[in-house]
Structure formats: structure tokens, C-alpha cells
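Examining the three-dimensional arrangement
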Amino acid sequence: MLAQDGGLHARDVHVAFGGLKALKGVDLKLRQGEVLGLIGPNGAGKTTMVNVLTGFQAATTGDVTLDGRSLKGLGPRNVARAGVARSFQAARLFRDLTVRQNLEVAAIGSGRKRKEARAKADALLDWIGCADKAAMLAGSLPYGDERRVGIARALALSPKFVLLDEPASGMNDQECDELMLLIAGIPDKFACGVLLIEHNMQVVMGACRRVHVLDNGKSLAEGTPAEMRANDEVRRAYLGSKNTGSQVI
Amino acid sequence: MVLRLLKQAWPVLGLLLPLAVIVLLADQFGSISVERSVTEALIKIVTVVGLYIFIGNSGVVSFGHVSFMAIAAYATAWQTCCSALKPITMSGLPDFLRSHTYPVLPAGISAAILASIAAFVFGLILMRLSGIAASISTLAALFILNVVYSNWDKVTMGTASIVGLPTYVTPWLAFAVAGLAMVIAYLFQISSWGLALRATREDEVAARASGISVYWMRLAAFTLSGLVMGMAGVLHAHFLGTISVDTFFLSLTFITLTMLVVGGMRSLSGAVLGVVVISFVTDILRRMESGVSVSGQEIAIPAGSQEVVLAVVMLLVLIFRRDGLTKGREFAWPFARRQSISETKHGDA
């Protein structure tokens, strides 16, 4: 039983803010070594789900387990240390620290010594192609770099799973393509599962082999990108009509 | 190798060297009153560096820090002061204080440590709050300690002054302690805890998501800054030879905060520069208020000009240079070929 329960697993998660039900029963399983896409229309509950998975939001009912161990009651800090890291929609870098220090902080947060933290930071900066910007203040980075540094900071925790909240928003097509390759490479390079929340379907289809669709706070469907593209329900949820879906998905 | 060390220590050395020159000049050529002004400024540096350790790195403004000065000042007074009068005027002291007098060095050290213990205990509660609520509660702490010390007659002599403390503080001693305070502040700032704390200052949510405990990092800084405030309190007490609880209250709180804001509260250089600039301005004004003779004529500016000018300086800085005179940067290594400013920031060299 336990052996089957590896990975980051959310079971029947409900979240209610007063009378508003943001999540009404989400089952989601993220496995080691995969990139799972989490898509859905605005207001479907994607970001709330990320908050639940990372300890920022307590589930009203339901449970989240990491490799069989419940994450209930752990705050964001302890969830991060347990191995579930996240990036933010608005990168939320430490603006008045240097780029390298941004990553160092996360590496220190995961319990590394200073020297190791610095080495980890430099390796990650190499990987995202920002090694030359290591000494710049994070607040002065251009938009695209900011996003990549945000991802690298999450990975600096050496997590088992990393949750990326709309990393491509506001990027141009070329930046999106580069980002897609970067994200697709995470599982092999860092032995880490990825949950990718994204509006940009080009990125989702390119980076994920499996996609989970949320609609109105519920799990609607899960499967390969091609299956989702062909799924009538998914189209309807996304567009409110079944006729024009193919343009977007 | 030597050069590298020198470069790493520059943010502290670059501050200490000019200060040393000032102290040397004051010691050699200055009048007694100049010497006293310089010593006072050096004690203020210890105070403001103490504030900076917490406020600068955490971004949480504290109004309660001078309480820790008071705690240390009283603690050292109990140990070193007036052995003949103590049993009568401070009859509530425990016996080991009432009927014994201790050497000044262990007394000073233990007083500073007591201040940091007090900071730790207060911090356990205060650091649970964040943002403006934390600041307001530190102000409450200031008032609580002031009320307690003002009314604890048998131990603190209430609002009366304790006089007759040994006055051993020379400009060079004050300089040495100021140097020690700066070294402590700098080492903390470049340590991994200091880095983590500055990350919480920039973005609390992202810091938590990066595995940082906001509470413990702030508490560590609060405790350490309590220690440095304690050092300032001890110096203050043994410089003037007299203490009273109301010296450690609102006016000291706000003058030291002004110094920190004017200099730039995000860097050690800012803390020190703020003290130097404000001390210089107030000293000049104070001398002018009490009258200077210009070609035989006695000229004095109206009393109270000092406060008005300080307020104007503060406003100008807030309007035109919100990050303070140093803009939150450390002094850069002067001999490097053009280097980006950020390279030397917070000792990330």
C-alpha cells in the first residue's frame, strides 16, 4: 500500500472561503519524474490547489500526502523543507538581494551550509543561463529572467516536487519555447516531479505528457494532451461552447 | 590573500578608519567639550548600529529598543555604583547587589548580556506579530518598561537619578566598542541567518516558501540587537556617571531612529553615517543656541532651532532620498575598476 503511495497525492480536497467553495473535491496525483500540467479556466481553483499542496492554504476537508506522509498542519516553511517547493505567479523575488543571494536563501532554507548553498546557486544559475547576472539585484532583472530565477529559486531547495504557478505568463513566443524546454528537462536533471499550472497551451502541450483539468473547483478529466484536446467536456469548460475549442486547445 | 581579506572587511574598515582619524584629532587637539561631543556620537553609533541589526535586516521598525539600553544601564549601575548609599536608596536589591560592588568590566559585560536576555524574552512574544502590529507592540514594550522602572522605587529609585557611577568611558574606549558593534552587525549581516532575515524583509511569503522561519530569524536578530543596545546602555551610564529612566524614552528613541532613517536603514554604512551627520548638525546648532562670539559680538540663534532643523533634515531626506543618504548600500571598495554597485552590496563580494 505504502509503496504505491509514492508521490504527491491530494485526496478529495475541499476548500471553502466562508460560503464560497473554491475547491469541491480534487483528486490529484503527481508522480516522481513526470511533468503534470494543471489547466482550467480562470477561477477553476488552480492557484488555490497550489496553495493547498504547499501548505499556504489548509484544506477544509481532504488530505495531501507526500510519499505516504500527511502534510496536514505543516505550514509553508515545513512543507518546503519536506520537499514540496513552489514558484509564484508574480515571481516574488527578493528584490533588494542579488540574484545569487535569492537562490542561496532557498538553499539555506533547505538546510544546506553556506558554501554548498552558494555552489548550488551557481549551478542553477548556469542552468537557466543567468550566470552572468548573478551579482545583479533581483529587482533590476528583465521580466523573462525574473521568471526563470523564480523557478531556479524553487529548485534550489532540492525539492522532490516543484509546483510552477504560471511561469510563462507575459512571455513572448521565443521565451515560451525556451521555458518549455527548461521545464521539460527538470525531472531528469533534478530527479523531481513537476506540476505546471499554465494558461499558455503551447507550453503545456510541449512540456507535459499528462494533463489534469480543473473546472469550477472539481477535477474534470485527466489524460494526455491529445486526449484532452479531443475531450468535449474539456472544451466546453474552457470555452463555454463546443464549437470553437480547437483554436485554443 | 591579504588584499582579499581587506576587501571583505572593507565595509567595516572603511567606516572605522575615518572615525579613528576624528577620534585622534579630538583627542589630540580638541577641547574637552569637543571630546565629549565625539564620545557621545560614538555611543550613539553603538546605539544606532544596535537598532540597525534588527530594523535594517528585518524591515520591521522597532520603537522599543532603548528599553534594552535602560535595562543594561541599570544593571551596571546596581553592580558598580555607590556602595555606601545603595543599601538605603535601593533597599529592594537582592543581597549580592546591595552589599557588594563589582569591577566595571564584568559588570558591563553581564549588563549587556542581561539586555540581550530581556530582548530574547520580549522577542518571543513580539516576533509573533508582523508589519505595523509588531512596531506598535514594540512601542508598548517601551512604555511598559518605562512605567516599571519609574515606579520600582526600591530598586531603581523611581524617576530619580542614580548618581555616582564610575566614569571610565574615554573617546578611545567608545571607539573600540563602536568598532565591536560594527563588527558584530557586519558578521551577522553576511551570515546565512542575516541573509535569510533580509529575504524575509523583501518578501515574507516567498521567504516562507523558501524554507525560512520568519519568526526565528527575527528573534535571533532581536536578541543580538538587544546585546548591542545593552553595550550602548553601559557606555551611556559610565560616560555620564548618572542615569535616570526618562533618558531612555521617547526622545532618545526618535533621535536614534532619525539617525538611522537619514543615513539609510538598510545598510551598516547608513546607520553610522546617519549618526555622524545628525550628531554634527545638532552639535553645531547646540553651540549656536548657547551663543558664539563673532568678532566680539555674542550671537545666539533661538532655543529650539535644533529640533526644527532636525525635522527639516528628516523631511528633506524622506522627500528626496527615501532610502537615506547611503541608499541602503555599503561603501564600495574604492580601488576596484568599475564594478556594479550591487557587487559590493551587503558584502556579497
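Everything numeric in this text was worked out from a predicted model, so none of it was measured. (Residues numbered from 1 in each chain as written. Chains lettered and ligands numbered in written order. Predicted model: local features only at pLDDT ≥ 70, side-chain atom pairs only at ≥ 80, totals over all residues. Heavy atoms only, no water.)

1. Considerations on the side chain of R147 of chain A
Residue and element names in this part refer to chain A. Within the secondary structure, R147 sits in helix 5 (residues 143-155). We note that R147 is buried and unpaired, the nearest opposite charge coming from E146 at a distance of 5.0 Å. If we ignore the near neighbours within four places in the chain, the residues touching R147 are Q89, A90, A91, E166, P167, S169 and M171. (Helix = DSSP H or I, 4+ residues; strand = E, 2+ residues; numbered from the N terminus. Buried < 20%, exposed > 50% of the residue type's maximum accessible area, 1.4 Å probe, protein only. Lys, Arg positive; Asp, Glu negative; His and termini not counted. Salt bridge = Lys/Arg side-chain N within 4 Å of Asp/Glu carboxyl O. Contact = heavy atoms within 4.5 Å.)

2. Let's talk about the sheet that holds strand 1 (residues 8-17) of chain A
Residue and element names in this part refer to chain A. Read from one edge of the open sheet, 4 strands run 2-1-4-5, paired in antiparallel fashion. The open sheet has two edge strands, strand 2 (20-30) and strand 5 (69-70), and neither has a second partner. Lying over the sheet, helix 1 (residues 46-53) contacts strand 1, strand 2 and strand 4 (61-66), oriented at roughly 115° with respect to strand 1. (Pairing = 2+ DSSP bridges. Axes fitted to C-alpha atoms, helices over the stretch in contact; angles between N-to-C directions.)

3. Here's the deal with the nonpolar core
Grouped together as the largest cluster of nonpolar side chains are 104 residues, with contacts concentrated most on I45, V46, W78, I162, M182 and L268 of chain B. Not counting residues up to four positions away in its chain, the partners in contact with L268 of chain B are V12, L15, V49, Y52, M182, A185, Y186, Q189 and E330 of chain B. Core analysis: the next-biggest nonpolar cluster, separate from the first, contains 51 residues, V204, A207, V213 and A221 of chain A among them. (Core = buried A, V, L, I, M, F, W, Y, C linked by side-chain atoms within 4.5 Å.)

4. Description of the interface of chain B and chain A
Residue-level contacts link 26 residues of chain B with 29 residues of chain A. Roughly 2300 Å² of surface becomes buried between chain B and chain A when both sides are summed, with 60% attributable to carbon and sulfur atoms. Inspection of the region where chain B meets chain A yields 4 salt bridges. One salt bridge connects R92 of chain A with D203 of chain B, and the closest N-O pair in it is separated by 2.9 Å. Connecting chain B to chain A are 6 residue pairs in polar contact (both at pLDDT 80 or more). Looking at the side of chain B that touches chain A, the elements that each hand over two or more residues are helix 11 (192-202), helix 12 (204-209) and helix 17 (341-344) of chain B. For the side of chain B that touches chain A, the element with the highest residue contribution is helix 11 of chain B, accounting for 6 residues. Taken together, the residues that form the side of chain B that touches chain A break down as 9 nonpolar, 7 polar and 10 charged. (Buried area = accessible area lost by both parts, 1.4 Å probe. Polar contact = N/O pair within 3.5 Å; in protein donor to acceptor, adjacent residues only side chain to side chain. Nonpolar A, V, L, I, M, F, W, Y, C, P; charged D, E, K, R; others polar.)

5. Let's talk about the confidence of the model for chain A
Residue and element names in this part refer to chain A. Averaged over all residues, the pLDDT of chain A equals 90, while 94% of them reach at least 70. Across chain A, the secondary-structure element scoring lowest on mean pLDDT is helix 10 (residues 245-248), at 47, and the one scoring highest is helix 3 (residues 99-109), at 97. Note that residues 241-249 has pLDDT below 50 and, in this model, 15 contacts with residues that lie over four places away or in other chains. (pLDDT = per-residue confidence, 0-100.)

6. Description of the state of the cysteines
Chemically, a disulfide is nothing more than a covalent bond linking the sulfur atoms of two cysteines. One pass over the structure, following the stated rule, counts 1 disulfide over all chains. Between the sulfur atoms of C81 of chain B and its disulfide partner C82 of chain B the distance amounts to 2.1 Å. Disulfide C81 of chain B-C82 of chain B: the torsion about the S-S bond is 100°, which places it as right-handed. The buried category is assigned to C82 of chain B, whose relative accessible area is 19%. No disulfide involves C130 of chain A; its nearest neighbouring cysteine sulfur is the one of C176 of chain A, lying 16 Å away. No disulfide involves C176 of chain A; its sulfur sits 13 Å from that of C208 of chain A, the nearest cysteine. (Disulfide = S-S within 2.5 Å.)

7. Examining the sheet that holds strand 3 (residues 35-39) of chain A
Residues and elements named next belong to chain A. Spatially, the 6 strands line up as an open sheet ordered 6-7-8-3-9-10, and their pairing is mixed. Two strands close off the open sheet at either side, each with one partner strand: strand 6 (84-86) and strand 10 (218-223). Geometrically, the sheet is characterised by an average inter-axis angle of 20° between neighbouring strands, direction not taken into account. Where strand 7 (residues 161-165) meets strand 8 (residues 193-197), 5 bridges bridge the pair, whose relative direction is parallel. When the sheet's bridge partners are listed, V162 is paired in strand 8 with V194. In the packing of helix 6 (residues 173-190) onto the sheet, contacts are made with strand 3, strand 7 and strand 8, and the angle to strand 8 comes to roughly 155°.

8. Considering the pairing of strand 4 of chain A
Residues and elements named next belong to chain A. When strand 1 meets strand 4, the two strands line up antiparallel, connected through 5 bridges. Bridge pairing links R11 to D63 in strand 4. Where strand 4 meets strand 5, 2 bridges bridge the pair, whose relative direction is antiparallel. In the sheet register, T65 faces strand 5, and the bridge partner there is S70. Counting the residues that bridge the hairpin from strand 4 to strand 5 gives 2 residues, and of these D67 lies at a positive phi of roughly 50°.

9. Regarding the pairing of strand 1 of chain A
Sheet faces and side chains relate simply in a regular strand, where the side chains alternate between the two faces. Residue and element names in this part refer to chain A. Here strand 1 runs beside strand 2; their pairing, made up of 8 bridges, is antiparallel. In the sheet register, V13 faces strand 2, and the bridge partner there is V26. Between the antiparallel neighbours strand 1 and strand 2 lie 2 residues, among them G18 with a positive phi of about 60°.

10. Things to note about the pattern of salt bridges
In the structure shown here, the tally under the stated rule is 22 salt bridges over all chains. One salt bridge in this structure joins R118 of chain A and E104 of chain A, with 3.7 Å as the shortest N-O distance. Separated by 14 residues along the polypeptide, R118 of chain A in helix 4 (residues 114-128) and E104 of chain A in helix 3 bring together distant segments of the chain. Here R118 of chain A falls in the partly exposed class, since its relative accessible area comes to 27%. Here the residues in one salt-bridge network are D96 of chain A together with R201, E202, R266 and R329 of chain B, joined through shared partners.

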